[in-house]
Amino acid sequence: MEKVEKVIIDFSEFIWGTPLLVLLLGGGFFFMIYSKLMPFRYVFHAVDILRGKYDDPNEAGQINHFQALSTALAATVGMGNISGVAVAITAGGPGAIFWMWVSAVLGVSTKFFTGTLAVMFRGKDDKGEVQGGPMYIITEGLGKKWKPMAVFFAVAAMFAVFPVFQSNQLTQVFRDIVLQPNGIETGFTSDLVTGVIIAVIMSVVIFGGIKRIGKVTGSVVPFMVVLYVGVVLYIILSHPDQLADAILLIFTDAFEAQAVLGGALGIIIITGIKRAAFSNEAGIGTAPLAHGAAKTNEPVREGLVAMLGPIVDTLIVCTMTALAILVTGVWQTSDADGITLTALAFDKAIPVYGPYLLILCVIFFALSTLFAFPYYGNKCSSYLFGTKSKNAYNVVSVVSAVVAAVVSIDVVIAFIDSAYALMAFPNMIAAIILAPHVKRATVSYFKRLKAEKKKKNDV
């Protein structure tokens, strides 16, 4: 088992090399410049779309804009925001957060392009239902001769969206905060039981399909973000004397690398980009699987909704988690990693009750992702093996949650990082090649939007 874990970890370190970093950061920079910062100029219009101002139930798709973003956010605003940030600080120091920000800003443009393409180049499954996602973007946009790349993406994605990180960290926080402090014996058996309970809860929702997932996430995501942001804001504002120093440390350590053993700047940059990719998935290709299901015939509208993901996820929620860990100082006084480090920050700022508030947030965050990820996997398995494979994939996904509850966090992170890297190559390559289609559609959309507004004003 140790040899298998080492192989997975070594492969993860290898695949996250210069080519992938250039593709994600360089691709995001290309999208930002190529679009002339257009997505950033229409953030408020994107919010109007999200509010349902332009919803039309008769348009193609299965869920509305809000449910599509909620499903995408359910997969991104999750354990990556609570545990992933702690992992970033542990592995790369406070400076890693700066590189998460850089990746997220570039990710806004990436999400706009990939979200638009997800609706622009939709295909149909074997039941004739409209579907979206990178594999359809590749085959419908680039042609059938590119299908091997679409198949490669779908295979990698099926593994990448196993809910292993969420199950692992939910088990860890339950063990460290609930079981051990109350004198309950912990070990393989307790972790296994926790994993089974997680699997049962997960099954209730995911076997209901995207409409049930969309309804659940549409209700859960806003509540969980507000709850978590409220608690973390309290922690940050209760340490006003440390806040300025924490923010300054993020910027200085991003280039000085003093918090990382050996002062390796490259480690900080790679760590920040890895955790940003896990957090907001810009460029990875999972979010287009959700946005491709949106009820709209205007691809640009869904692209605008999609670009809000990195803003909410990384620039707001991840930043707050990072500041909570930094202002409380727990990152310097503990060897804990992952969710346990975040729990220590909550406990220090809000004694006794803090860890339990975190557990409540973790349950919502982790379960929302547990609901969304299997849907992504279903889309990929249906593309490869037909819609009849959905239930079989759901079963495998549920089993993976149980297995993840009893393995180490290091191998779980390496497994997900490796799969994400393999997904990023076909997704970003296709998006860059098809970028002119998005630019033309964007110019046309805003031209028509201005004409409609002018017409209304004239009336």
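The notes below deal with the structure included here.

About the cut-offs
Residues numbered from 1 in each chain as written. Predicted model: local features only at pLDDT ≥ 70, side-chain atom pairs only at ≥ 80, totals over all residues. Heavy atoms only, no water. Core = buried A, V, L, I, M, F, W, Y, C linked by side-chain atoms within 4.5 Å. Buried < 20%, exposed > 50% of the residue type's maximum accessible area, 1.4 Å probe, protein only. Helix = DSSP H or I, 4+ residues; strand = E, 2+ residues; numbered from the N terminus. Contact = heavy atoms within 4.5 Å. Salt bridge = Lys/Arg side-chain N within 4 Å of Asp/Glu carboxyl O. Arc of directions from axis to C-beta.

Quick look at the nonpolar core
(1) Moving on: Counting residues in hydrophobic clusters, the biggest one holds 76 residues, and the most contacted among them are Trp16, Met135, Leu304, Cys380, Met423 and Phe446.
(2) Moving on: When residues of this core are assigned to their parent elements, the largest contribution, 13 residues, is made by helix α22 (residues 409–433).
(3) Moving on: Not counting residues up to four positions away in its chain, the partners in contact with Met135 are Ala150, Phe153, Leu289, Lys379, Cys380 and Tyr383.
(4) Moving on: Val85, Val173, Ala366 and Ala401 belong to the second largest nonpolar core, which has 64 residues in total.

A closer look at unusual backbone geometry
(1) Moving on: The backbone of Lys36 shows a phi angle near 55°, a positive value even though the residue is not glycine.
(2) Moving on: The residue Lys36 is located in the loop between α2 (18–34) and α3 (38–41) in this model.
(3) Moving on: Given a relative accessible area of 59%, Lys36 falls into the exposed group.
(4) Moving on: Phi at Leu37 is positive, roughly 60°, even though this residue is not glycine.
(5) Moving on: The topology assignment puts Leu37 in the loop between α2 and α3.

Focus: the pattern of salt bridges
(1) Moving on: All told, the structure shown has 5 salt bridges when counted by the stated rule.
(2) Moving on: When the shortest N-O distance is used, the salt bridge between Glu298 and Arg448 registers 2.7 Å. Highlighted residues: Glu298 in the loop between α15 (287–291) and α16 (299–306) and Arg448 in helix α23 (residues 435–458), separated in sequence by 150 residues.
(3) Moving on: By relative accessible area, Glu298 is classed as buried at 15%.
(4) Moving on: Look at the salt bridges and you will find they share partners, linking Arg175, Asp176 and Asp191 into a network.

Considering helix α4 (residues 43–50)
(1) Moving on: Residues of α4 that are buried: His45, Ala46, Ile49 and Leu50. Considered in projection along α4, the buried side chains sweep an arc of 145° and stay on one side of the axis.
(2) Moving on: Just beyond α4, the residue with positive phi is Gly52, at close to 95°.

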